[in-house]
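# Residue-level structural notes
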Amino acid sequence: MKKDNKKVIYWLLTGCILIFIMVVVGGITRLTHSGLSISNYKLISGTIPPMNEVEWQEAFDLYKQYPEYQKLNNHFTLQDFKDIYFWEWLHRVIGRFIGLVFFLPFLYFLITKQLTKPTIQKSIVLLIMGGFQGFLGWYMVKSGLVDNPDVSHYRLAAHLTTAFITFAYTFWVALDLMFPIKKTIQVKFRNLIRLGLAVLLIQIIYGAFVAGLDAGFIHNHWPFMSEGKLIHETVYTEQVPVIKNFFEGKSGVQFIHRTLAYVVVIFILLIWYKGKMMTPDKMQLKGLNALLLLVGVQFLLGVLTIMYGVPVWLGVTHQIGAFFLLSAMTFTLHRYSK
């Protein structure tokens, strides 16, 4: 049987789709403030939600023991709890399903010897990344169950960024099998794309910071943040060092996220222009054009998300835009790799 065949490619691309769905549901979970609704982590039995009113009441009573209910949601009824429980439960179930979709077919392909040694090694890395992603999800939720009724934005950023990176690497492995022959290209241009990818990942991290700190609910103006000022100091309840504001302050984090948006646009414009000047082949041209289109759409979505005060549908759409932009950057880098 041929190794690294179409079935292996479909398996990897299915994983990409499932990670995409999980990130979308995770975005909804965050924007609806549903992430702390399930306070106990049960890997197997937690797959089944409460099935009757008694079980629902038990789950609700457990939720009442933690800071989110005590400090923020003590007005919640059982129905309110059910609404937020759904999104977090769905998010966790998809995560478990992804684990099965990665591990079981990998085991089958391994036993039937349908994988080459390099693909086996890359698949093991993917399995480790997936397991680490699950750990980060638990670690993130844990931070919101102690005193502060919200998760650490640092842990949220780690959880989200790892999901994006896992997707990008899965997509890269699939591309390796789809396009086994790569063209020799100019190293400087390839490094430019790599740098653009790094800047994009930093922007994704800051997008997670904005989400984790609810920083999108202030400075809902564009192009200036508020009243023509870049940083509005009145949003702080305590004085902290200026540098710290760019990591933990709502205004500072939003300012960096806005600024990096322009940097990402500049990088992609530069990549597109230089790439067009190098007589790209069909696939390379598709990657370049996708980058140009998607960065324009994503920038517009970012502006609208801020101006309308982060409605759930716009916030999720903006996150989807980041996902597609990362996909296009990964594809373009692959097409310009040796």
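Quick note: structure is the one above.
As a starting point, this report considers the structure included with it. (Residues numbered from 1 in each chain as written. Predicted model: local features only at pLDDT ≥ 70, side-chain atom pairs only at ≥ 80, totals over all residues. Heavy atoms only, no water.)

Next up on the list: the overall build of the protein. The helix and strand tally for the protein stands at eleven helices and zero strands. The helix and strand sequence of the protein, counted from the amino end, reads α-α-α-α-α-α-α-α-α-α-α. Its C-alpha atoms give the protein a radius of gyration of 22 Å, near enough to 20 Å, the size a compact globule of 338 residues would have. C-alpha extents for the protein along the principal axes are approximately 60 × 55 × 30 Å. Counting the 338 residues in the protein, one finds 48% classified as buried. Considering only intrachain contacts with a sequence separation of at least 6, the fraction spanning at least 24 residues in the protein is 79%. For the protein, the separation between the mean place of its 31 positive charges and that of its 18 negative charges on side chains is 20 Å. (Helix = DSSP H or I, 4+ residues; strand = E, 2+ residues; numbered from the N terminus. Rg over C-alpha atoms; globule rule 2.2 N^0.38 Å. Buried < 20%, exposed > 50% of the residue type's maximum accessible area, 1.4 Å probe, protein only. Contact = heavy atoms within 4.5 Å. Lys, Arg positive; Asp, Glu negative; His and termini not counted. Charge placed at Lys NZ, Arg CZ, Asp CG, Glu CD.)

Here we take up the packing of helix α6 (residues 153-178) against helix α7 (residues 187-212). At a closest axis distance of 8 Å, the pairing of α6 and α7 adopts a crossing angle of 140°. Taken together, α6 and α7 sit at an angle that is classed as oblique. In the packing of α6 onto α7, the handedness of the crossing is right-handed. Residue-level inspection shows H153, Y154, L156, A157, L160, T161, F164 and I165 of α6 in contact with α7, the latter providing L201, I204, I205, A208, F209, A211 and G212. By residue class, the composition of the contact of α6 with α7 is twelve nonpolar, three polar and no charged. (Axes fitted to C-alpha atoms, helices over the stretch in contact; angles between N-to-C directions. Parallel < 35°, antiparallel > 145°, perpendicular 65-115°, else oblique. Left-handed = near helix turned anticlockwise from the far one by under 90°. Nonpolar A, V, L, I, M, F, W, Y, C, P; charged D, E, K, R; others polar.)

Per the counting criterion, the structure on display carries seven salt bridges. Two residues, R30 and D150, come together in a salt bridge whose shortest N-O distance is 2.9 Å. With R30 in helix α1 (residues 6-31) and D150 in the loop between α5 (117-142) and α6, this residue pair connects regions lying 120 residues apart in the sequence. Members of the salt-bridge network, linked through shared partners, are R30, D150 and D214. (Salt bridge = Lys/Arg side-chain N within 4 Å of Asp/Glu carboxyl O.)

Going through the model one piece at a time under the given rule, you end up with 29 aromatic pairs. For the pair Y63 and F81, a centre-to-centre distance of 5.2 Å together with 35° between the ring planes defines the contact as tilted. Of this pair, Y63 sits in helix α2 (residues 53-63) while F81 is found in helix α4 (residues 78-111), placing the two residues 18 residues apart along the sequence. The class of F81 is buried, set by a relative accessible area of 0%. A centroid spacing of 5.8 Å and a plane angle of 40° characterise the contact between F135 and W138, whose relative ring orientation is tilted. With F135 and W138 both in helix α5 and three residues apart, the pair spans about one turn of that helix. Note on F135: relative accessible area 40%, which makes it partly exposed. Here the aromatic residues F20, F164, F167, F171, F323 and F324 are joined through ring pairs into a cluster of three or more. Between the NZ or CZ atom of K64 and the centre of the ring of F60, over which it lies, the distance is 4.5 Å. (Phe/Tyr/Trp six-rings, centres within 6.5 Å; stacked < 30°, edge-to-face > 60°. Lys NZ or Arg CZ within 6 Å of the ring centre and 35° of its normal.)

Here the second largest pocket is characterised by a volume of approximately 360 Å³. Only α2 and α4 provide two or more residues apiece to the lining of the second largest pocket. Of the residues in the lining of the second largest pocket, the class split is ten nonpolar, five polar and five charged. (1 Å grid on protein atoms, 1.4 Å probe; cavity = no way out; pocket = protein on both sides within 12 Å on 5 of 7 lines; lining within 4 Å. Points joined across faces, edges and corners; volume = space filled by probe spheres on them.)

As for its position among the elements, T29 is in helix α1. If we skip the residues at most four places from it in the chain, T29 touches S34, G35, W87, E88 and H91.

This next bit is on the nonpolar core. Ranked by internal contacts, the top residues of the largest apolar core, which has 62 residues, are L12, F164, I271 and M329. Those residues in contact with F164 that sit more than four places away from it in its chain are V23, I204, Q319, A322, F323 and L326. Ranked by size, the runner-up nonpolar core spans 13 residues in total, among them Y63, Y69, I84 and W89. (Core = buried A, V, L, I, M, F, W, Y, C linked by side-chain atoms within 4.5 Å.)

What follows concerns the packing of α7 against helix α9 (residues 250-276). One way to put it is that α7 packs onto α9 with a least axis distance of 9 Å and a crossing angle of 155°. On the basis of their axis angle, the class for α7 and α9 is roughly antiparallel. In the crossing of α7 with α9, the sense of the turn from one axis to the other is left-handed. Of the residues belonging to the contact of α7 with α9, the class tally is 19 nonpolar, six polar and one charged.

Quick look at a nonpolar patch on the surface now. A contiguous nonpolar surface patch, about 560 Å² in accessible area, is contributed by L100, F103, L104, L107, L110 and I111. Owing to a relative accessible area of 39%, F103 belongs among the partly exposed residues under this scheme. (Patch = residues over 30% accessible without salt bridge, like charges linked within 9 Å, V, L, I, M, F, W, Y side chains within 5 Å. Areas by Shrake-Rupley, 256 points an atom, 1.4 Å probe, with all protein chains shown as cover.)

Right, let's talk about unusual backbone geometry for a bit. Geometrically, the link from W222 to P223 is a cis peptide bond, its omega value of 10° lying close to zero. Of note in this structure, D214 is not a glycine but carries a positive phi near 55°. By the secondary structure assignment, D214 is in the loop between α7 and α8 (242-248). The backbone phi angle of T279 is positive, close to 50°, even though this residue is not glycine. The topology assignment puts T279 in the loop between α9 and α10 (282-307).

Everything listed here is a matter of coordinates, which is why it stays silent on function.
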